[in-house]
Amino acid sequence: MRETPRDLARLQALLDRSYEAAGAHLRDVITPERRLSAEALAARLDGMCLLTLSTVTADGRPIGGAVDGFFYRGEWYFGSSAESVRFRHIRRRPQVSATYLPGEELSVATHGRAQMVDVATHDDGGFRTVLLEYYGGRYGSTAAEIFDGPGVAYARIEPVRMFTFWMDQAEAPVG
């Protein structure tokens, strides 16, 4: 967990605002005891989390696809080719939605705006360290080529709304 106390306070305020603005159906499903606190959320989102990221086409159609997501300092970060359809959409229309759904017990849905980041300089290299730790363990000395190479782009989601759902498997209905 790399979140500072300030990051956690900002994230908790976002989670609380989002929940208060949620519709009745969402609040029926995500009851107060099924919400995660900012601290509990950050503790569960370690390493790479496969996200479904949705962007918007020029004619308003959503397009979703998988990205390697990293929860860092209370926000989602992701990468792709700088020339991918995903990043072409983001440069024109930065509104995105991302969902992390590893199983029925946990869900994190985030809606906001994608902001491009320079991996080499963002947060004094803090995010680059996260990438090196994850990809270095998988690809060894060539890991930096994955995100330092030409044509690779990264962005973070500046969240407007974020919803969490957590159900302890001991509480899950059987059958």
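Structure first, text after, so check above.
On a predicted model such as this, the values are computed, not experimentally measured, just so you know.

Analysis parameters
- Residues numbered from 1 in each chain as written.
- Predicted model: local features only at pLDDT ≥ 70, side-chain atom pairs only at ≥ 80, totals over all residues.
- Heavy atoms only, no water.
- Helix = DSSP H or I, 4+ residues; strand = E, 2+ residues; numbered from the N terminus.
- Rg over C-alpha atoms; globule rule 2.2 N^0.38 Å.
- Buried < 20%, exposed > 50% of the residue type's maximum accessible area, 1.4 Å probe, protein only.
- Contact = heavy atoms within 4.5 Å.
- Areas by Shrake-Rupley, 256 points an atom, 1.4 Å probe, with all protein chains shown as cover.
- Phe/Tyr/Trp six-rings, centres within 6.5 Å; stacked < 30°, edge-to-face > 60°.
- Lys NZ or Arg CZ within 6 Å of the ring centre and 35° of its normal.

**Brief notes about the overall build of the protein chain**
Helices and strands together make up the secondary structure of the protein chain, namely six helices and six strands. Beginning at the N terminus, the succession of helices and strands in the protein chain can be written as α-α-α-β-β-β-α-β-β-α-α-β. Radius of gyration (C-alpha) of the protein chain: 17 Å, near the 16 Å computed for a compact globule of 175 residues. Taken over the C-alpha atoms alone, the protein chain extends approximately 45 × 40 × 35 Å along its principal axes. Burial analysis of the protein chain (175 residues in total) assigns 44% to the buried set. Sequence-distant contacts in the protein chain: of pairs separated by 6 or more residues, those separated by 24 or more amount to 66%. Accessible surface, the protein chain: about 9300 Å² in total, of which carbon and sulfur atoms supply 51%.

**Some words on the packing of aromatic side chains**
One pass over the full model with this rule turns up twelve aromatic pairs. When the centroid spacing of 6.0 Å and the interplanar angle of 55° are considered together, the rings of Trp76 and Tyr100 count as tilted. Of this pair, Trp76 sits in strand E3 (residues 75-81) while Tyr100 sits in strand E4 (residues 95-103); the two residues are 24 residues apart in sequence, bridging distant segments of the chain. An identical accessibility class is assigned to Trp76 and Tyr100; each is buried. Taking 5.0 Å as the distance between ring centres and 80° as the angle between the ring planes, the aromatic pair formed by Tyr134 and Tyr135 counts as edge-to-face. Per residue, the accessibility class of Tyr134 equals that of Tyr135, and both read buried. Taken together, the aromatic side chains of Phe70, Tyr72, Tyr77, Phe127, Tyr134, Tyr135, Tyr139 and Tyr154 make up a single cluster linked through ring pairs. Between Arg35 and the ring centre of Tyr19, over which it is positioned, the NZ or CZ distance is 4.3 Å.

**Concerning unusual backbone geometry**
The phi angle at Arg73 is positive, at roughly 55°, despite the residue not being glycine. Following the sequence through the fold, Arg73 ends up in the loop between strand E2 (62-72) and E3. Judged by relative accessible area, Arg73 falls into the partly exposed class, the value being 25%. Its identity as a non-glycine residue notwithstanding, Asp124 has a phi of 55°, on the positive side. With respect to the secondary-structure elements, Asp124 resides in the loop between strand E5 (106-117) and helix H5 (126-139).

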